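Observations on the model geometry
Each chain, letter by letter, is given below.
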Amino acid sequence: MAQQLTLVTKLRQRVDEQGESPAFIFRSPHDGRYVLSWNRLYRLAGRFAAVLNSRDLGRGHLVVNTLVNSPERAVCEAGIWLSGAASVNGHCQMADGSDLLHTLRVSRASALLVDPDISNSPWNVLTKYVSVGEDDSVTSSDLTDLKKLFFIRRVEGAGPKDFISHLEAQNDWFQADDITPETILSVFATSGSTGFSKLVAYTHEEYIHYCHGLFLDKQPTFQIKDLGRYFTTAPFGWLGGYIGMGAVICFTIVTRDVRAGGLRKDMPEFIFQVLVKEKCNSGIISPVYLPELSQLADTRNAKANSKAESQMSQESKLNVLLLGGLPVTRPMVAAALSLTHSVIVGYGATDCSTVSKHIVTDSETFVDHDTGPPIEGVSMKIVSQDDEETTLPVNQTGHILVKGLKINPGYLNDPKLKTDDYLTKDGFFRTQDVGRLDERGHLIVDGRGSDAIMRGPYIFYPSWMESRIRACPGVHDVIITGVPDPLVNEELCACIVMESDSVTLEHVRHFVEKEVVTTEDDPLSPRPRHYLEFQSFPMTDTGKPKRKVIKAQATERLQ
């Protein structure tokens, strides 16, 4: 009988094939380094699975994991796989913890993993809502489904309270025998940029399909062996950074040990040094770090004293780099190509997995916001914003609808979100994004449908103007948002992050009036009437600007 394809069988395969090779390499400031081999990960995960099993936690149970990127998080996630339970990403970004409480209530999770010793620990919020007994049992009048709580600690000197040391001293080991491809693996949260996150469950099969869509589609310009050591800035709880990717695609994950603390102000420098020291071959890096990383790479090449050193610099480039979290522009691709030979840009969402993908090796031919053609198994169409039954022709902008293997059949335990709200009659998923298909069949994503600005009789999509204003010398980043106006409904406001104090908003305004807008005498001309300077933009944990927050801040400042 053929072995069923699950994360557990994938993990077992890596153990059999690679054993003592690194599954994870965690780096921290001051050259801290922690290696977790496939053998050790499997051994520790099985022991944690035995702990969960002894607490009657297994298939059908959800465990909320609030741990940061760390060896402890990796072991706990793999242990949850082996137990047959499923994890839920428990992010806690709001000061009052309302986002975590929302996740606990909606998921109806049976157990919770917390590290009480880190700064701003979720436990600081939860102490007001739960009481913990000696056997880790939980009672709470507010979180009635929560029954068990596990303190996952890291203790100096590896004492008995240290999570990893405690598991090393145990002998019990467990692996559930009823895990199938249809078993829920993990529950991921949408970014929450428009409010509280919705929860999306992925089975083992759906997650493996997601990984294959990223790396094994029919556009190969690299081999799997080229991925080697894969560096990530993504949080483990995010779909794009989930720890199972290394087991599915067979590479070593290299990342920052966030639990070690010592957050460096110069994150790009830290990333660059790790890429060099660990000889990384691939990775996913938030585009916000690219400009400085590109400068560091250029500086290293400029300092090469010989032809041989220059050749070594080229050979030390990554084979492939994924860009995620933001719409990708040509300057981003150019910056990325100073670090890598190939760039993967694409489009997808937690709700519908990977939709399209584009492998880029030349920034000069790249079109802003091009996310490539649909991947194998995905259908796509662009429909009118006024009439969903009308499919639009090439290069006309409308709502993006997709259909494929992972089209979310519902958001976990949320009766307010009905199927009719996000699926069409013929089974297409409403992405809530706007874009167009060009003559090559590539999807060009203009942005969120909710980002559209209603100005007078026109619907304005900000991404095209943002891409043009970014070309203004001295502008680091820009968000165009709509602010309330009594005459035209919403007026355009350009929120600008400058590169230095030497550039003024008037300079940017002049650039726009001269280089971007040619109908300045028209009162309905789509040009910003307001300009505001920001020191930085608020971002989600997946690296996306919180447009609604920026809009609210701009509105308040302009009152």
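Shown above is the structure to which this text applies.
Attention in this report is confined to the structure presented alongside it. Worth saying up front: this structure is predicted, and the values here are computed from it rather than measured.

This part is about the sheet that holds strand S15 (residues 343-349). Taken in spatial order, the 8 strands make up an open sheet running S2-S1-S12-S11-S13-S14-S15-S16, and their pairing is mixed. In the strand order of this sheet, the two ends are held by strand S2 (32-37) and strand S16 (353-360), each with one partner. Averaged over all neighbouring strand pairs, the angle between strand axes comes to 20°, with direction disregarded. Where strand S14 (residues 320-323) meets S15, 2 bridges bridge the pair, whose relative direction is parallel. Its bridge partner lying in S15, Leu-322 is registered against Ile-344.

On to the packing of helix H9 (residues 267-277) against helix H10 (residues 290-302). Each pair of packed helices can be described by the angle between their axes along with the distance between the axes. Packing of H9 against H10 brings their axes to within 9 Å, and their N-to-C directions diverge by 50°. Comparing the axis directions of H9 and H10 gives the class oblique. As H9 packs across H10, the resulting crossing turns out to be right-handed. The segment H9 lies against H10, with Pro-268, Glu-269, Ile-271, Phe-272 and Val-276 engaging Glu-292, Leu-293, Leu-296, Ala-297 and Arg-300. A per-class count over the contact of H9 with H10 returns 7 nonpolar, no polar and 3 charged.

Our focus in this paragraph is the sheet that holds strand S5 (residues 111-114). Here we have 6 strands laid out as an open sheet, ordered S8-S5-S3-S4-S9-S10, and mixed in their pairing. The open sheet has two edge strands with one neighbour each: strand S8 (148-151) and strand S10 (199-203). Within the sheet, the average angular offset between the axes of one strand and its neighbour, ignoring direction, is 20°. Pairing of strand S4 (residues 86-89) with strand S9 (residues 184-189) involves 2 bridges; the strand directions are parallel. Looking at the pairing, Ser-87 lines up with Ser-186 of S9. Contacts between helix H4 (residues 98-107) and the sheet are confined to strand S3 (62-65), S4, S5 and S10, with S3 contributing the most and set at about 170° to the helix.

Reading the values: rules and limits
Residues numbered from 1 in each chain as written. Predicted model: local features only at pLDDT ≥ 70, side-chain atom pairs only at ≥ 80, totals over all residues. Heavy atoms only, no water. Pairing = 2+ DSSP bridges. Helix = DSSP H or I, 4+ residues; strand = E, 2+ residues; numbered from the N terminus. Axes fitted to C-alpha atoms, helices over the stretch in contact; angles between N-to-C directions. Parallel < 35°, antiparallel > 145°, perpendicular 65-115°, else oblique. Left-handed = near helix turned anticlockwise from the far one by under 90°. Contact = heavy atoms within 4.5 Å. Nonpolar A, V, L, I, M, F, W, Y, C, P; charged D, E, K, R; others polar.

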